[in-house]
Amino acid sequence: MKIYTQRLELTTKDIEAESIELSFDTRQKSRFRATLKNGHDIGADLPRTGILRSGSYIATDAGEILRVDAKAEKLMQVSSHNSFDLLKAAYHLGNRHVPLMLTPEALYFEPDHVLAEMIVGLGLAVNEVEHPFEPESGAYAQHQHDHRLSPIKALHHVSH
């Protein structure tokens, strides 16, 4: 089983790498097991430096690279024809510290019937959907640095 031990900061999508889709819950963990589309099991033992975002890259000590993508999962989708109502819903969900994905047209959160009822009570539509989940990281979360490694430097960094 391949074990991925490093997080890479790659800024290009041109790199050849196998990919795996993982749920938000798994992408929050530094240690996990998963199965690739080809049926091979992999393991991860990563530094505890935050969440794997969709499009992140991880690598083995031997320099093998894997792209991590957000897996579609069951979510609650909040929508409204009025952007102010959507803003109110985001405020009330944020006030409850709910992991929340924001888009211009909708909000997404993990299934919770109590929260869904609250949002319906505010006059918004709530539907259960399958959608990749990439919630906001928060104002105080680590942000990526401008000195990201190029793919070549990243590969060189992994192999040393």
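**Some remarks on the sheet that holds strand 9 (residues 106-109)**
Here comes step 1: If you trace the four strands from one edge of the open sheet to the other, you get 8-9-7-10, paired in antiparallel fashion. Every other strand in the sheet has two partners, leaving strand 8 (101-102) and strand 10 (125-132) as the edge strands with one partner each.
Here comes step 2: For strand 7 (residues 72-79) and strand 10, the ladder comprises eight bridges, and the chain directions are antiparallel. If you follow Ser79 over to strand 10, its bridge partner there is Ala125.
Here comes step 3: With respect to the sheet, helix 3 (residues 113-121) is in contact with strand 7, strand 9 and strand 10, its orientation differing from that of strand 10 by roughly 130°.

**Some remarks on the confidence of the model for the protein**
Here comes step 1: With 83% of its residues at a pLDDT of 70 or more, the protein shows a mean pLDDT of 87.
Here comes step 2: Under a pLDDT of 50 for its full length, residues 143-160 has, in the predicted model, 23 contacts with residues more than four places off or in other chains.

**Description of the pairing of strand 4 (residues 41-45)**
Here comes step 1: As judged from the three bridges shared by strand 1 (residues 2-8) and strand 4, these two strands associate in the parallel manner. Considered in strand 4, the bridge of Tyr4 is made with Ala44.
Here comes step 2: When strand 3 (residues 31-35) meets strand 4, the two strands line up antiparallel, connected through five bridges. When the sheet's bridge partners are listed, Thr35 is paired in strand 4 with Asp41.
Here comes step 3: What sits between the antiparallel neighbours strand 3 and strand 4 is a turn of five residues, in which Gly39 has the positive phi angle 95°.

**Focus: the packing of aromatic side chains**
Here comes step 1: Counted under the stated rule, the structure contains one aromatic pair.
Here comes step 2: Where Phe24 meets Phe133, the ring centres are 5.2 Å apart and the plane angle is 80°; that geometry is what we call edge-to-face. Of this pair, Phe24 sits in helix 1 (residues 24-27) while Phe133 sits in the loop between strand 10 and helix 4 (151-159), placing them 109 residues apart in sequence.
Here comes step 3: Taking relative accessible area as the criterion, Phe24 reaches 5% and is therefore assigned buried.

**Considering the side chain of Asp69**
Here comes step 1: Topologically, Asp69 is positioned in strand 6 (residues 65-70).
Here comes step 2: Using a relative accessible area of 15% as the deciding quantity, one classes Asp69 as buried.
Here comes step 3: Setting aside chain neighbours within four positions, we find Asp69 in contact with Ser19, Ile20, Glu21, Leu22, Arg27, Ser54 and Gly55.

**A few points about helix 3**
Here comes step 1: Looking at helix 3, one finds that the buried residues are Leu115, Ala116 and Ile119. Take helix 3 and look down its axis: the buried residues cluster within an arc of 100°, on one side only. Those residues of helix 3 that are exposed and aimed more than 90 degrees away from the buried face are His113, Val114, Glu117 and Gly121.
Here comes step 2: Where helix 3 is buried, its residues contact strand 7, helix 2 (83-94), strand 9 and strand 10.
Here comes step 3: Between a side-chain oxygen at the N-terminus of helix 3 and the backbone nitrogen of Val114 the separation is 3.0 Å; the capping residue is Asp112.

What counts as what
- Residues numbered from 1 in each chain as written.
- Predicted model: local features only at pLDDT ≥ 70, side-chain atom pairs only at ≥ 80, totals over all residues.
- Heavy atoms only, no water.
- Pairing = 2+ DSSP bridges.
- Helix = DSSP H or I, 4+ residues; strand = E, 2+ residues; numbered from the N terminus.
- Contact = heavy atoms within 4.5 Å.
- Axes fitted to C-alpha atoms, helices over the stretch in contact; angles between N-to-C directions.
- pLDDT = per-residue confidence, 0-100.
- Phe/Tyr/Trp six-rings, centres within 6.5 Å; stacked < 30°, edge-to-face > 60°.
- Buried < 20%, exposed > 50% of the residue type's maximum accessible area, 1.4 Å probe, protein only.
- Arc of directions from axis to C-beta.
- Polar contact = N/O pair within 3.5 Å; in protein donor to acceptor, adjacent residues only side chain to side chain.

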